[in-house]
Amino acid sequence: MQTWISSGAIRSSGTFCTGVALMVLTLFSWSSPLTGTPNSTTATATSIDENNIRQTSQSRWIEIDLSEQRLRAWEGKRLVYSYRISGGKRSTPTPIGRFRINSKYRTHRMRGSGYNIPDVPYTMYFYRGYAIHGAYWHNRFGTPVSHGCVNLPVKQAHNLYRWASTGTLVVVRK
């Protein structure tokens, strides 16, 4: 019996099982969008022709134009909302690209280097720790002042939060 326990077969099967368990854990693990500070300004995203979306899609999508500091919500070709925003400052820019809303929170605490804000209203994450959300702590919409998120006045963030769902396309451009 002792030879069987110390045999290479048992040791190999234990290593195999450990490897399988680690792979399964990796596949099913998920980290909260707030596990780190958004420190990457380059997103892995594909480019998109916004005109083509307007012509062919009847679904809802959000366009964020950082040069205008404006968010537009579209339903197919129809403009539903157009709001002034505050995107990321030059030192903490909003990522450019094509994303999807991956999670929504009625309120959420946001923490990072130089900020810790409780009860951020109507938060919709679209890429890592970057989100579209209401901002009750400033009134400088139209000016880039955020740490990379897209800030809206609270009432407008509420409207957008109710209108958009998880999976809604978000197109961010300069």
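Up top is the structure.
Cut-offs and rules
Residues numbered from 1 in each chain as written. Predicted model: local features only at pLDDT ≥ 70, side-chain atom pairs only at ≥ 80, totals over all residues. Heavy atoms only, no water. Pairing = 2+ DSSP bridges. Helix = DSSP H or I, 4+ residues; strand = E, 2+ residues; numbered from the N terminus. Axes fitted to C-alpha atoms, helices over the stretch in contact; angles between N-to-C directions. Contact = heavy atoms within 4.5 Å. Core = buried A, V, L, I, M, F, W, Y, C linked by side-chain atoms within 4.5 Å. Buried < 20%, exposed > 50% of the residue type's maximum accessible area, 1.4 Å probe, protein only. Salt bridge = Lys/Arg side-chain N within 4 Å of Asp/Glu carboxyl O.

Novice: How should I be thinking about the sheet that holds strand β7 (residues 130–134) in this particular structure?
Specialist: Pairing between the strands of a sheet comes from backbone hydrogen bonds, and it takes one of two forms, parallel or antiparallel. Strand order across the open sheet formed by 4 strands is β5-β6-β7-β8, with mixed pairing between neighbours. For this open sheet the edge positions go to β5 (103–112) and β8 (150–152), each flanked by a neighbour on one side alone. Neighbour-to-neighbour, the strand axes of the sheet open up by a mean angle of 40 degrees, direction not taken into account. As judged from the 8 bridges shared by β5 and strand β6 (residues 115–127), these two strands associate in the antiparallel manner. Among the inter-strand pairings, serine 103 is bridged to a residue of β6, identified as tyrosine 125. This element, helix α4 (residues 154–163), spans β5, β6, β7 and β8 of the sheet and lies at about 35 degrees to β6.

Novice: What is the right way to look at the nonpolar core in this model?
Specialist: Most often, soluble globular proteins keep nonpolar side chains buried together rather than apart. Ranked by size, the top nonpolar core spans 25 residues in total, and within it Ile62, Ile64, Leu71, Phe126, Ile132 and Leu160 carry the most contacts. Elements represented by at least two residues in this core include exactly β1 (60–65), β2 (70–75), β3 (78–84), β6, β7, β8, α4 and β9 (169–173). Setting aside residues no more than four positions away along its own chain, isoleucine 64 makes contact with Arg70, Leu71, Ile85, Ile132, Val150, Val170, Val171, Val172 and Arg173. The next biggest cluster of nonpolar side chains, apart from the first, holds 7 residues, and it includes Met110, Ile117, Tyr125 and Cys149.

Novice: What's the story with the environment of threonine 92 in this structure? I'm lost.
Specialist: By secondary structure assignment, the location of threonine 92 is in the loop between β3 and β4 (97–100). Excluding anything up to four places from it in sequence, threonine 92 contacts Ser146, His147 and Gly148.

Novice: So what exactly am I meant to see when it comes to the pattern of salt bridges here?
Specialist: If the charged atoms of two oppositely charged side chains come close together, the side chains can form a pair. Tallied over the full model, the rule gives 5 salt bridges. Of the charged contacts, one joins arginine 60 and glutamate 75 as a salt bridge, the two residues approaching to 3.5 Å between their closest N and O atoms. Placement of the pair is arginine 60 in strand β1 and glutamate 75 in strand β2, with a sequence separation of 15 residues. Look at glutamate 75 and you get partly exposed, because its relative accessible area is 26%. The partner of arginine 173 in a salt bridge is aspartate 65, with the nearest N and O atoms 3.3 Å apart. Highlighted residues: arginine 173 in strand β9 and aspartate 65 in strand β1, separated in sequence by 108 residues. Taking the relative accessible area as the measure of exposure, aspartate 65 reaches 2% and is therefore buried. Put simply, Arg60, Glu75 and Arg78 are held in one network by salt bridges that share partners.

None of this, on its own, says anything about what the molecule does.
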